[in-house]
Amino acid sequence: MGRVGVLLLNLGGPDQLDDVRPFLFNLFSDPEIIRLPFPWLQKPLAWMIATMRARKSQENYRQIGGGSPLRRITEEQACALQQHLQQKGQDVQVYVGMRYWHPFTEEAIARIKRDRLEKLVILPLYPQFSISTSGSSFRLLEKLWQEDPSLDRMEHTVIPSWYQRPGYLQAMAQLVAQELDQFDNPDGVHIFFSAHGVPVSYVEEAGDPYQEEIEHCTELIMKTLNRPNAHTLAYQSRVGPVEWLKPYTEDAIKELAAQGVSDLLVVPISFVSEHIETLEEIDIEYRELAEESGIHNFHRVPALNTHPVFIEELADLVVEAAESPSLKLDQVMHPKKTVKMYPQERWEWGMTTTAEVWNGRLAMIGFVALIVELISGHGLLHFVGLL
């Protein structure tokens, strides 16, 4: 195949508590997270929000050990993938590019340029494609390619999604089966797939295939598992005035409890690495909700991390992609209209992970609403209609 590299894409997270404020600044500096009618407000508002929210966000990360494990796990995945590729006789270098924290995607691209690769396989660590996850990173990469003509000398190919791959499905089914067998009555356990949500407008107006891929993925995992268990698919994220994909995870948990479900196994279907949404949102917030609702046997399937069957499938995927006709960044699906892309959390108050985003956004609203209305004659919601 010549000199080939693999770029693993992920979101990123603060490695330690001191990183939380600068991480939040990077997050809120992105206009795809907070869209403002005046770009010059972006960084001042990001600084204000990051400063106001840093302490509460640190509390969330302190609950899971003082920082996000996402970088460590992603680098372990990269190392394992490289070893599997070498075992297949492929001299491939694997790089990690994070969207909002080190190692940034831009840092990874700089390393890739120095290594003078002949071909680059771009592999997002999101099994299902969404314009809010993989799509966001693809747009950043497309911008880097447009700004640096020297990158055109390196052939590249993109893998938009891979949720239907047999090794991924087998690894997920194995993890689910292992957790089911921890219950006294494995066949009576309700399997609860919890996916990261997106606004309905992403699907209906922007053409995001995420919901379709999530639903198909759930069906494929259950088929691979081949157990008689009942199952539910719900979505972890939602915001106030906008309709998000339903059912919402918190509502579905309460409904199952009301139906008499006592044994619940949660499967984080959108995630392949442990991070704050599995360790804090599911393991702490949703566990408490389930127990308060009457579900006392609450288990969670661990993230895939470096599961050998999963890594082996990624290696096969890379080899196939490198040897197949290239899919370019500008050929990957683009939304039909401009919408806010980042997958926001549900709207709630308090010292929770999800409140981290939305309380900060409410602080931003208070700061700019008057300016926007005075200058434009419209309220803020006219400009940020997804809020």
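Read on for a plain summary of the structure.

## Regarding the overall build of the protein
Right, on to step 1. Tallying secondary structure elements over the protein gives 13 helices and eight strands in all.
Right, on to step 2. Out of the 387 residues in the protein, the part that is buried amounts to 60%.
Right, on to step 3. Taking as baseline every contact in the protein between residues at least 6 positions apart, the subset at least 24 positions apart corresponds to 80%.
Right, on to step 4. For the protein, the exposed surface amounts to about 16000 Å²; the carbon and sulfur share of it is 50%.

## Describing the environment of Pro124
Right, on to step 1. Tracing the backbone shows Pro124 in strand E3 (residues 119-124).
Right, on to step 2. According to the relative accessible area criterion, Pro124 is buried, its value standing at 0%.
Right, on to step 3. Sequence separation between Pro124 and Ile159 is 35 residues, and the spatial gap between their C-alpha atoms is 7.2 Å.
Right, on to step 4. Discounting residues that sit within four places of it in the chain, Pro124 has contacts with Leu9, Ser134, Phe138, Ile159, Pro160 and Trp162.

## Examining the sheet that holds strand E2 (residues 92-98)
Right, on to step 1. The parallel open sheet is built from four strands, whose spatial order is E2-E1-E3-E4. Two strands lie at the open edges of the sheet, namely E2 and strand E4 (155-158), each paired on one side alone. The sheet shows a mean angle of 20° between the axes of neighbouring strands, direction not considered.
Right, on to step 2. As paired elements, strand E1 (residues 4-10) and E2 share seven bridges and run parallel to each other. Across the sheet, the residue bridging to Leu7 is Tyr95, located in E2.
Right, on to step 3. Sheet strands in contact with helix H3 (residues 70-87) are E1 and E2, and its direction is about 165° off that of E2.
Right, on to step 4. Here helix H11 (residues 308-323) sits on the sheet and contacts E1, E3 and E4; the angle it forms with E3, its principal contact strand, is near 140°.

## Thoughts on unusual backbone geometry
Outside of glycine, negative phi angles account for most residues, and trans bonds account for most peptide bonds.
Right, on to step 1. Cis geometry is found at the peptide bond from His102 to Pro103, where omega equals -10°.
Right, on to step 2. Among the structural elements, Pro103 can be located in the loop between E2 and helix H4 (105-114).
Right, on to step 3. Between Lys246 and the following residue, Pro247, the backbone shows a cis peptide bond with an omega angle of 0°.
Right, on to step 4. When you line up the elements, Pro247 lands in the loop between strand E6 (231-235) and helix H9 (249-258).
Right, on to step 5. The residue Arg116 is not glycine, and still its phi comes out positive at about 50°.
Right, on to step 6. With respect to the helices and strands, the residue Arg116 is situated in the loop between H4 and E3.
Right, on to step 7. For Arg116, a relative accessible area of 69% corresponds to the exposed category.
Right, on to step 8. Of note, Asn226 is a non-glycine position whose phi angle comes to about 55°, a positive value.

## Focus: the sheet that holds strand E7 (residues 263-268)
Pairing between sheet strands relies on hydrogen bonds along the backbone, with the strands arranged either parallel or antiparallel.
Right, on to step 1. Spatial strand order, E6-E5-E7-E8: four strands in an open sheet with parallel pairing. Looking at the sheet topology across the chains shown, the edges are occupied by E6 and strand E8 (297-300). Averaged over all neighbouring strand pairs, the angle between strand axes comes to 25°, with direction disregarded.
Right, on to step 2. Sheet contacts for helix H8 (residues 210-225): strand E5 (190-195) and E6; angle to E6, the most-contacted strand, approximately 155°.
Right, on to step 3. The strands touched by H9 within the sheet are E5, E6 and E7, with E5 carrying the most contacts at an inclination of about 165°.

## Here we look at the nonpolar core
In a soluble, globular protein the nonpolar side chains are often hidden away together inside.
Right, on to step 1. In terms of nonpolar packing, the biggest core is built from 82 residues, with Val6, Leu81 and Tyr168 touching the most fellow members.
Right, on to step 2. Not counting residues up to four positions away in its chain, the partners in contact with Leu81 are Val6, Leu8, Val94, Ile311, Leu314, Ala315 and Val318.
Right, on to step 3. In this structure, Leu17, Met48, Tyr100 and Phe104 belong to the second largest nonpolar core, which totals 21 residues.

## A look at the packing of helix H1 (residues 20-29) against helix H2 (residues 42-63)
Right, on to step 1. The N-to-C vectors of H1 and H2 enclose an angle of 135°; their axes lie 7 Å apart at closest approach. Taken as axis vectors, H1 and H2 run oblique relative to one another. When the axes of H1 and H2 are compared, the crossing they make is right-handed. Judged by residue contacts, Val20, Arg21, Phe23, Leu24, Phe25, Phe28 and Ser29 of H1 engage Gln42, Lys43, Ala46, Trp47, Ile49, Ala50, Thr51, Arg53, Ala54, Ser57, Gln58 and Tyr61 from H2.
Right, on to step 2. Partitioning the contact of H1 with H2 into residue classes produces 11 nonpolar, five polar and three charged.

## Observations concerning the packing of aromatic side chains
Any two aromatic rings considered together are summarised by their centre-to-centre distance and by the angle between their planes.
Right, on to step 1. Under the defined criterion, the tally for this structure stands at five aromatic pairs.
Right, on to step 2. Centroid distance Trp162 to Phe310: 5.9 Å. Interplanar angle 35°. Geometry classified as tilted. Within this pair, whereas Trp162 is found in the loop between E4 and helix H6 (166-180), its partner Phe310 is found in helix H11, the two being separated by 148 residues in sequence. Residues Trp162 and Phe310 agree in their burial class; the two are buried.
Right, on to step 3. Aromatic rings pair up to connect Trp162, Tyr168 and Phe310 into one cluster.

## Quick notes on the pattern of salt bridges
Right, on to step 1. Taken as a whole and assessed by the stated rule, the structure comprises 14 salt bridges.
Right, on to step 2. A salt bridge links Glu75 to Arg71, with the nearest nitrogen and oxygen atoms 3.1 Å apart. Of this pair, Glu75 and Arg71 both sit in helix H3, four residues apart, which is roughly one turn of the helix.
Right, on to step 3. For Glu75, a relative accessible area of 35% corresponds to the partly exposed category.
Right, on to step 4. Take Arg71: its relative accessible area is 26%, and that puts it in the partly exposed class.
Right, on to step 5. A salt bridge links Arg165 to Glu313; the nearest nitrogen and oxygen atoms lie 2.7 Å apart.

Procedures and definitions
- Residues numbered from 1 in each chain as written.
- Predicted model: local features only at pLDDT ≥ 70, side-chain atom pairs only at ≥ 80, totals over all residues.
- Heavy atoms only, no water.
- Helix = DSSP H or I, 4+ residues; strand = E, 2+ residues; numbered from the N terminus.
- Buried < 20%, exposed > 50% of the residue type's maximum accessible area, 1.4 Å probe, protein only.
- Contact = heavy atoms within 4.5 Å.
- Areas by Shrake-Rupley, 256 points an atom, 1.4 Å probe, with all protein chains shown as cover.
- Pairing = 2+ DSSP bridges.
- Axes fitted to C-alpha atoms, helices over the stretch in contact; angles between N-to-C directions.
- Core = buried A, V, L, I, M, F, W, Y, C linked by side-chain atoms within 4.5 Å.
- Parallel < 35°, antiparallel > 145°, perpendicular 65-115°, else oblique.
- Left-handed = near helix turned anticlockwise from the far one by under 90°.
- Nonpolar A, V, L, I, M, F, W, Y, C, P; charged D, E, K, R; others polar.
- Phe/Tyr/Trp six-rings, centres within 6.5 Å; stacked < 30°, edge-to-face > 60°.
- Salt bridge = Lys/Arg side-chain N within 4 Å of Asp/Glu carboxyl O.

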